[in-house]
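Chain residues, written in single-letter form:
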Amino acid sequence: MTAAPMPQSPVIGITTYLEQAQTGVWDVRASFLPKVYIDAVTDAGGIAVLLPPQPADAAVARAVLGTLDGLIVSGGADVDPARYGQAPHERTGAPRTDRDDWEDHLLTAAIDLELPFLGICRGAQMLNVALGGTLVQHLPDVVGSDAYQPGPAQFGETSATVEPDSRLAAVLGDAATPLPIHVYHHQALDAVADGLRVTARTDDGVIEAVELETVPFGIGVQWHPEENAADRRLFAGLVEAAREHRAARTANAPSERTPS
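Procedures and definitions
- Residues numbered from 1 in each chain as written.
- Predicted model: local features only at pLDDT ≥ 70, side-chain atom pairs only at ≥ 80, totals over all residues.
- Heavy atoms only, no water.
- Axes fitted to C-alpha atoms, helices over the stretch in contact; angles between N-to-C directions.
- Helix = DSSP H or I, 4+ residues; strand = E, 2+ residues; numbered from the N terminus.
- Left-handed = near helix turned anticlockwise from the far one by under 90°.
- Contact = heavy atoms within 4.5 Å.
- Nonpolar A, V, L, I, M, F, W, Y, C, P; charged D, E, K, R; others polar.
- 1 Å grid on protein atoms, 1.4 Å probe; cavity = no way out; pocket = protein on both sides within 12 Å on 5 of 7 lines; lining within 4 Å.
- Points joined across faces, edges and corners; volume = space filled by probe spheres on them.
- Buried < 20%, exposed > 50% of the residue type's maximum accessible area, 1.4 Å probe, protein only.
- Phe/Tyr/Trp six-rings, centres within 6.5 Å; stacked < 30°, edge-to-face > 60°.
- Lys NZ or Arg CZ within 6 Å of the ring centre and 35° of its normal.
- Pairing = 2+ DSSP bridges.
- Parallel < 35°, antiparallel > 145°, perpendicular 65-115°, else oblique.
- Core = buried A, V, L, I, M, F, W, Y, C linked by side-chain atoms within 4.5 Å.
- Salt bridge = Lys/Arg side-chain N within 4 Å of Asp/Glu carboxyl O.

**Observations regarding the packing of helix H2 (residues 58-65) against helix H3 (residues 97-113)**
Next up, step 1: Relative to each other, H2 and H3 sit at 65 degrees, their axes nearing to 9 Å. Considering the relative orientation of H2 and H3, their crossing is right-handed. Contacts between H2 and H3 involve Ala58, Val60, Ala61, Arg62, Val64 and Leu65 on the former and, on the latter, Trp102, His105, Leu106, Ala109, Ala110, Asp112 and Leu113.
Next up, step 2: Considering only residue class, the contact of H2 with H3 consists of 10 nonpolar, one polar and two charged.

**As for the layout of surface pockets**
Next up, step 1: Reported here for the largest pocket is a volume of approximately 410 Å³.
Next up, step 2: Lining the largest pocket are 25 residues, and of these Tyr17, Gly75, Gly76, Ala77 and Tyr184 sit closest to its centre.
Next up, step 3: Sorting the residues of the lining of the largest pocket by element identifies strand S2 (17-23), helix H1 (35-43) and helix H4 (122-130) as the ones contributing at least two each.
Next up, step 4: Here the element with the most residues in the lining of the largest pocket is S2; it accounts for three residues.

**Describing the environment of Ala236**
Next up, step 1: Residue position: Ala236 is located in helix H7 (residues 233-252).
Next up, step 2: For Ala236, a relative accessible area of 34% translates into the label partly exposed.
Next up, step 3: Separated by 148 residues in sequence, Ala236 and Pro88 place their C-alpha atoms 37 Å apart.

**Details of the packing of aromatic side chains**
Next up, step 1: Using the criterion set out here, one finds two aromatic pairs in the structure.
Next up, step 2: Ring geometry for Tyr17 versus Phe32: centroids 5.3 Å apart, planes at 75 degrees, classification edge-to-face. Placement of Tyr17 in strand S2 and of Phe32 in strand S3 (residues 26-32) is noted, with a sequence separation of 15 residues between them.
Next up, step 3: Geometrically, the ring pair formed by Phe155 and Tyr184 is tilted, given 5.5 Å between the ring centres and 55 degrees between the ring planes. One end of the pair, Phe155, is in the loop between helix H5 (140-143) and strand S8 (156-162); the other, Tyr184, is in the loop between strand S9 (179-183) and strand S10 (188-189), with 29 residues separating them in the sequence.
Next up, step 4: For Arg99, the ring lying beneath its charged end belongs to Tyr17, and the centroid distance is 5.1 Å.

**What to know about the sheet that holds strand S12 (residues 207-212)**
Next up, step 1: Spatial strand order, S4-S1-S5-S6-S13-S12-S11-S8-S9: nine strands in an open sheet with mixed pairing. Taken across any chain shown, the strands that pair with only one partner, and hence form the sheet edges, are strand S4 (47-51) and S9. If you compare each strand with its neighbour and ignore which way they point, the axes differ by 30 degrees on average.
Next up, step 2: On top of the sheet, H4 reaches strand S5 (70-73), strand S6 (117-120), strand S11 (196-201), S12 and strand S13 (218-221); it is set at about 110 degrees to S6, its chief contact.

**Quick word on the packing of H3 against H4**
Next up, step 1: Packing of H3 against H4 leaves a shortest axis separation of 10 Å and a crossing angle of 70 degrees. For the element pair H3 / H4, the angle class is roughly perpendicular. Contacts between H3 and H4 involve Arg99, Asp100, Glu103, Asp104, Leu107 and Ile111 from the first element and Arg122, Gly123, Met126, Leu127 and Ala130 from the second.
Next up, step 2: By residue class, the composition of the contact of H3 with H4 is five nonpolar, one polar and five charged.

**Quick word on the nonpolar core**
Next up, step 1: One finds Ile72, Leu118, Ile120, Leu168, Val221, Trp223 and Leu234 to be the most contacted residues of the largest nonpolar core, which totals 38 residues.
Next up, step 2: Among the elements that take part in this core, H7 stands out by supplying six residues, more than any other.
Next up, step 3: Apart from residues no more than four positions distant in its own chain, Ile72 is found in contact with Ile12, Gly13, Ile14, Thr15, Val41, Leu118, Ile120, Phe235 and Leu238.
Next up, step 4: In terms of nonpolar packing, the next biggest core, distinct from the first, is built from 28 residues, Val11, Tyr84, Leu115 and Met126 among them.

**Brief notes about empty space enclosed by the protein**
The probe, sized like a water molecule, is rolled over the atoms to show the empty space still left.
Next up, step 1: Scanning the entire structure with this criterion turns up two cavities of 30 Å³ or more.
Next up, step 2: The volume enclosed by the largest cavity comes to roughly 120 Å³.
Next up, step 3: Forming the boundary of the largest cavity are Leu172, Leu179, Pro180, Ile181, His182, Trp223, His224, Pro225, Asn228, Asp231, Arg233 and Leu234.
Next up, step 4: Those elements that place two or more of their residues in the lining of the largest cavity are S9 and H7.
Next up, step 5: Approximately 40 Å³ is the volume found for the second largest cavity.
Next up, step 6: If you trace the second largest cavity, you find it lined by Leu18, Arg29, Pro53, Arg96, Asp98 and Arg99.
Next up, step 7: Partitioning the lining of the second largest cavity into residue classes produces two nonpolar, no polar and four charged.

**Thoughts on the pattern of salt bridges**
Next up, step 1: If you walk through the whole model with that rule in mind, you get 15 salt bridges.
Next up, step 2: For Arg246, the salt bridge goes to Asp69, with nearest N and O atoms at 3.4 Å. Of the two residues, Arg246 is situated in helix H7 and Asp69 in the loop between H2 and S5; the sequence distance between them amounts to 177 residues.
Next up, step 3: Take Asp69: its relative accessible area is 3%, and that puts it in the buried class.
Next up, step 4: A single network of salt bridges, built from pairs that share partners, joins Arg99, Asp100, Glu103 and Arg122.

See the structure below:
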């Protein structure tokens, strides 16, 4: 007896950095993404596809997302403050307008298509800015310490309280105790965009998660869940939502009939 074929794993697109990179004899601009993001998706049962910054408009973004079941907007450089009407702080990084434009188009299309998405660190900030919110450009000015970014390539460790009736709490399965998180951000959400709900904060009030309640799965987290290989619940939630999205899309697709 032949076993039934296993359903294909959901395909998750992950946005990437565009950086000067050295490998062998080459020193060139290249698409770059830490492997921990890829591992997080594959550990959760998804297939990872990389989405490097490139010229785009709404049509291009929709075409790209039409081939995917879910989207992750990854961490990285500061969002250009001009996008939310501010002059740059002296500690804000140089603008990366190519990535800002690319990810704005992808998030806008994902929301319109109700494609499951997860924003991580910069990705959560990009989501807030794309919907009209603003950012704290240098968090130590507010909290009085560098606890959220202790040093170059050094993650801080803290905890966040998750709202119990949120999508995030449902994905994590436990909102009764503070959630341990890895943080590496010198910026944070300030004015929260209309439509976003704050669903996790630290003890000193820093926003660590938001979600868009008008879509089936739209979460942004300020922390770095990809750094915790022992806890893949957030990625498993995204992959499951992506699987459901694909099943619904397939069910609603026009059937192809062979001409008689």
